[in-house]
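Survey of secondary and tertiary structure
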Amino acid sequence: MTSIMHRHLRQTPVTAVGASGLSITDSAGRRYLDASGGAAVSSLGHGHPEVLAAVHAQLDKVAYAHTAFFTTEVAEELAMRLAFNAPGGESEVYLCSGGSEAMETALKLARQYFVETGQPQRGRFIARRQSYHGNTLGALAVGGNELRRKAFAPLLMDVVRVAECYEYRNRPETQTRDQYTTVLLDELEQAIVRAGPETLIGFVAEPVVGATLGAVPPTPGYFRGVRALCDKYGILFIADEVMCGMGRCGTLYAIEQDGVVPDIVTVAKGLGAGYQPIGAVLARKYIAQAIRAGSGIFQHGHTYIGHPCAAAAALAVQKIIERDKLLDVVKARGATLRALLREAFGSHPHVGDIRGRGLFLGLELVEDRISRRPFPAACKLHAAVKVAAFERGLIVYPMGGTIDGERGDHVLLAPPFIVSDGE
Ligand code: PLP
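Just so it is clear, the structure is predicted and the values come from calculations on it, not from any experiment.

Segmenting the chain into domains produces domain 1 (16-47 + 325-413) and domain 2 (53-323). Averaged C-alpha coordinates put domain 1 and domain 2 at centres separated by 24 Å. At the interface, 32 residues of domain 1 touch 35 residues of domain 2. Residue assignment for the side of domain 1 that touches domain 2 shows that the elements contributing at least two residues are helix H1 (37-40), helix H12 (326-345), strand E11 (351-357), strand E12 (360-365), strand E14 (397-403) and strand E15 (406-413). Among the residues making up the side of domain 1 that touches domain 2, the classes are represented as 14 nonpolar, 12 polar and 6 charged.

This next bit is on the pairing of strand E9 (residues 264-267). Of the two faces of E9, both are covered, the one formed by Ile264 and Thr266 as well as the one formed by Val265 and Val267. Pairing analysis gives 3 bridges linking strand E8 (residues 236-240) to E9, with the strands arranged parallel. Directly across from Ala239, in E9, lies its bridge partner Val265. Note that E9 and strand E10 (residues 279-284) share 4 bridges and pair antiparallel. Opposite Ile264, over in E10, you have Ala283 as the bridge partner.

This paragraph deals with the sheet that holds strand E1 (residues 16-20). If you trace the 4 strands from one edge of the open sheet to the other, you get E1-E2-E3-E13, paired in mixed fashion. Each edge of the open sheet carries a strand with a single partner, namely E1 and strand E13 (394-395). Relative to E13, strand E3 (residues 31-34) is paired through 2 bridges, and the arrangement is parallel. Counterpart to Asp34 in the pairing with E13 is Ile395.

Read from one edge to the other, the open sheet built from 7 strands follows the order E4-E10-E9-E8-E7-E5-E6, with strand pairing classed as mixed. Each having just a single partner strand, strand E4 (91-96) and strand E6 (160-162) make up the two edges of the open sheet. The average angle at which neighbouring strand axes cross in this sheet is 20°, direction not considered. Summarising the sheet, E4 and E10 pair through 6 bridges and their orientation is antiparallel.

On to helix H11 (residues 308-323), then. An ideal rise of 1.5 Å per residue puts 22 Å on 16 residues; H11 measures up with 22 Å between its terminal C-alpha atoms. Listed as buried for H11 are Pro308, Cys309, Ala310, Ala311, Ala312, Ala313, Ala314, Leu315, Ala316, Val317, Gln318 and Ile321. Tucked into the core, H11 has its buried residues touching helix H2 (49-61), helix H3 (73-85), E4 and H12. One or two positions beyond H11, positive phi appears at Lys325, with a value near 50°.

Looking now at the packing of H2 against H11. The angle between the axes and the distance between the axes are what describe a pair of packed helices. Two elements in contact, H2 and H11, have axes separated by 8 Å at closest approach and are oriented at 150°. Accordingly, the angle class assigned to the pair H2 and H11 is roughly antiparallel. With respect to the hand of their crossing, H2 and H11 are arranged in right-handed fashion. Residues Glu50, Val51, Ala54, Val55, Gln58 and Leu59 of H2 form the contact with H11, whose participating residues are Pro308, Cys309, Ala312, Ala313, Leu315, Ala316, Val317 and Ile320. Taken together, the residues of the contact of H2 with H11 sort by class into 12 nonpolar, 1 polar and 1 charged.

Conventions used here
- Residues numbered from 1 in each chain as written.
- Predicted model: local features only at pLDDT ≥ 70, side-chain atom pairs only at ≥ 80, totals over all residues.
- Domains from an automatic or database assignment.
- Contact = placed C-beta atoms within 7 Å.
- Helix = DSSP H or I, 4+ residues; strand = E, 2+ residues; numbered from the N terminus.
- Nonpolar A, V, L, I, M, F, W, Y, C, P; charged D, E, K, R; others polar.
- Buried ≥ 20, exposed ≤ 12 C-beta atoms within 10 Å, placed from the backbone.
- Pairing = 2+ DSSP bridges.
- Axes fitted to C-alpha atoms, helices over the stretch in contact; angles between N-to-C directions.
- Expected span 1.5 Å × (residues − 1).
- Parallel < 35°, antiparallel > 145°, perpendicular 65-115°, else oblique.
- Left-handed = near helix turned anticlockwise from the far one by under 90°.

Below, the structure is given as structure tokens:
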């Protein structure tokens, strides 16, 4: 028995007592190879001495100072670095404590931007069906993951919903990639027009879909089309890079590879790489500037925003990624891992697709490879894969979902950037 309300209330998970590199050790002395960095979090592996030292040093200096009174050197330096490297250049940065909080912040920032610029009638978001943006009420509302939303549906704001870009499952054989992309963008435009563009705040999407679909990248040109539609109708484009960002895809931001600059980007997981809970919102300068010129106050804020120890961890992680040229490592190791997966599972009867970017790779599991028919929901295949892997000492991140009555199972691999050839 335990007093912690664990995720599964009838199960107590294994107790982790140590962690180093890609390895986590439990209280029985078993070691697990962390091939997914938890949920694409631990991008530098476990126990990285430089990150630990940076957090220790910050604890000694200023462990906490409330942002109503103080800023700290470390938070300022982190924000400066993030702003400088943001997609499209200079942005302003809001530091918070995780992915859901980053998304809540982004949604409220976008809404307040329109309130401050004389468009208070803009009150709805447009987002995609197969998506996950976090578990707090605003983030859950924009996400389309039915399993996670179901119990809370009466509490969620109304969101305009369009199809995700999911070529493997949704592109008919009769369509080329370009045609499929055009169909999606046409649907998006029709949805915008139907809803009334003047009522919409922003389009929210994960550049590479993580938890819901398993590392699904967009088709070429999809996000360029999204950007053009957002510009045409004056809607903000909010890119949720909580999972796919911070180098995971081989560029600091996944969206860089699509040649597009969002208005707002959210990051978390890999930002602090698990050493501290931290998230960030990067808003293009004109958004913060509009609020600065208007009321001057962003009506938001939590007790732990700009936390110095979290900032110290994230700053150390950022410096290591740059110094050790880990983005190049991610590209190279990602290509190796993908080739190995193709070799091992490329003709496996139940692996329908191997996809992703960098060290953010997904395998889609299907009952029938030819028709791409998923396994029946009752199989709970993803859960079985998780247990089977864990029993063999391997941590991967399998997920399944039921959307529009259809089920899909996938396995996400997101090993730390420091993964060796042997591992
Ligand atoms: N957005 C995306 C794309 C995510 O994958 C997640 C978490 O998996 C979140 C937001 C929420 O982040 P957190 O769990 O840190 O609140």
